[in-house]
Amino acid sequence: MTAVPTGPAVAVDTSLLEMLRSIQEASGNQSFSDLLSTNVQKLGYDLRLAQHLVLQGDQRGLDQCAQALTQNALKIGAVRMLTGAIEMQALARIGDFAGVAQLVTGLEEELRTVEKQLV
């Protein structure tokens, strides 16, 4: 298992973020900053849910939670969170709850870095 690397270097892929911004602005449904805020909140919720699911030993729930994390990380260009969520799904599928718990801790730290870069 690989820990999620943290730090300011590449927490958010700015070119991906700009592409997402242009797509969002073309749709005109919601402001881009509101979209970012919503997805950051969803990531935080999903990480708290993952902690709960680890304690419950819910392998299927963790698999679904990892899918949600993957989608929400992609929506804000959080590349390391995306990679970590994919790894979390793999660990959940083999029932490595200790590995998922450790990974969730790293993802929580990474989310704080992402939030700082998005401000």
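Residues numbered from 1 in each chain as written. Predicted model: local features only at pLDDT ≥ 70, side-chain atom pairs only at ≥ 80, totals over all residues. Heavy atoms only, no water.

Novice: I'm lost on the overall build of the protein chain in this one. Help?
Specialist: Counting its secondary structure elements, the protein chain contains five helices and zero strands. Ordered by position in the sequence, the α and β elements of the protein chain form the string α-α-α-α-α. Over its C-alpha atoms the protein chain spans a radius of gyration of 14 Å, differing by no more than 12% from the 14 Å that the globule rule assigns to 119 residues. By its C-alpha atoms, the protein chain is 40 × 30 × 20 Å across when sized along the principal axes. Considering the protein chain as a whole, with its 119 residues, one finds that 44% of them fall into the buried category. Entry remark: accessible area of the protein chain is about 6400 Å², with carbon and sulfur atoms responsible for 54%. (Helix = DSSP H or I, 4+ residues; strand = E, 2+ residues; numbered from the N terminus. Rg over C-alpha atoms; globule rule 2.2 N^0.38 Å. Buried < 20%, exposed > 50% of the residue type's maximum accessible area, 1.4 Å probe, protein only. Areas by Shrake-Rupley, 256 points an atom, 1.4 Å probe, with all protein chains shown as cover.)

Novice: Would you mind showing me how to read the environment of Ala11 here?
Specialist: Looking at where Ala11 falls in the secondary structure, it is placed in the segment before helix H1 (14-27). For the pair Ala11 and Ser37, spaced 26 residues apart in the sequence, the C-alpha separation amounts to 16 Å. Beyond its immediate sequence surroundings of up to four residues, Ala11 is in contact with Gly77, Ala78, Val79, Arg80, Glu110, Thr113, Val114 and Gln117. (Contact = heavy atoms within 4.5 Å.)

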